[in-house]
Amino acid sequence: MCGKPPSEGTVIPQQNKDVCRDCDKALWVHGETSTYFKWCKGCKRFRNIVAFSEKLDASKCNACRERGRRSYLQRKGISGEPAEGATDTTATTSGGGGGGGGGGGGRGGGSSATAGGG
């Protein structure tokens, strides 16, 4: 985003898709449209600031935060309904798997901003 190469003063985490730590915290303004946008660490893309309406200083957008909540409650079985697959006691599980709600997602609905001029 800022165009700085990874160096001693600029840290670009591997999971950030070439967005440095300073840029992933900043609030950006698109020059032509005056639209505010911010990097979502859950979606791994820039999102319109409206997507952060519940908590403006959060590192993840509302949809990613909600997905994380659901994933946590499902893992803990707290949501009032049993976790997926927990109703069938005769089924065997392979023990592989989940990682709990990270990455991907965030593709449906909402608005997104492209990282064009600034």
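The structure we're discussing is the one just above.
It should be emphasised that the depicted structure is a prediction, and the values quoted were computed from it without experimental measurement.

The rules behind each value
Residues numbered from 1 in each chain as written. Predicted model: local features only at pLDDT ≥ 70, side-chain atom pairs only at ≥ 80, totals over all residues. Heavy atoms only, no water. Helix = DSSP H or I, 4+ residues; strand = E, 2+ residues; numbered from the N terminus. Phe/Tyr/Trp six-rings, centres within 6.5 Å; stacked < 30°, edge-to-face > 60°. Buried < 20%, exposed > 50% of the residue type's maximum accessible area, 1.4 Å probe, protein only.

**Examining unusual backbone geometry**
Backbone geometry at S34 places phi at a positive 60 degrees, although glycine is not the residue there. Among the secondary structure elements, S34 is positioned in the loop between β1 (28–29) and β2 (36–40). With a phi close to 60 degrees, K44 is a non-glycine residue in the positive phi region. Examined against the element boundaries, K44 turns out to sit in the loop between β2 and β3 (45–48).

**Describing the packing of aromatic side chains**
In total, this model carries 2 aromatic pairs according to the counting rule given. Judged by centre distance (5.6 Å) and plane angle (85 degrees), the ring pair of F37 and F46 falls under edge-to-face. Aromatic side chains W39 and F46 sit 5.1 Å apart centroid to centroid with 70 degrees between the ring planes, which places their arrangement in the edge-to-face category. Taken as a pair, W39 and F46 share a single burial class, namely buried. Among the aromatic residues, those joined into a ring-pair cluster are F37, W39 and F46.

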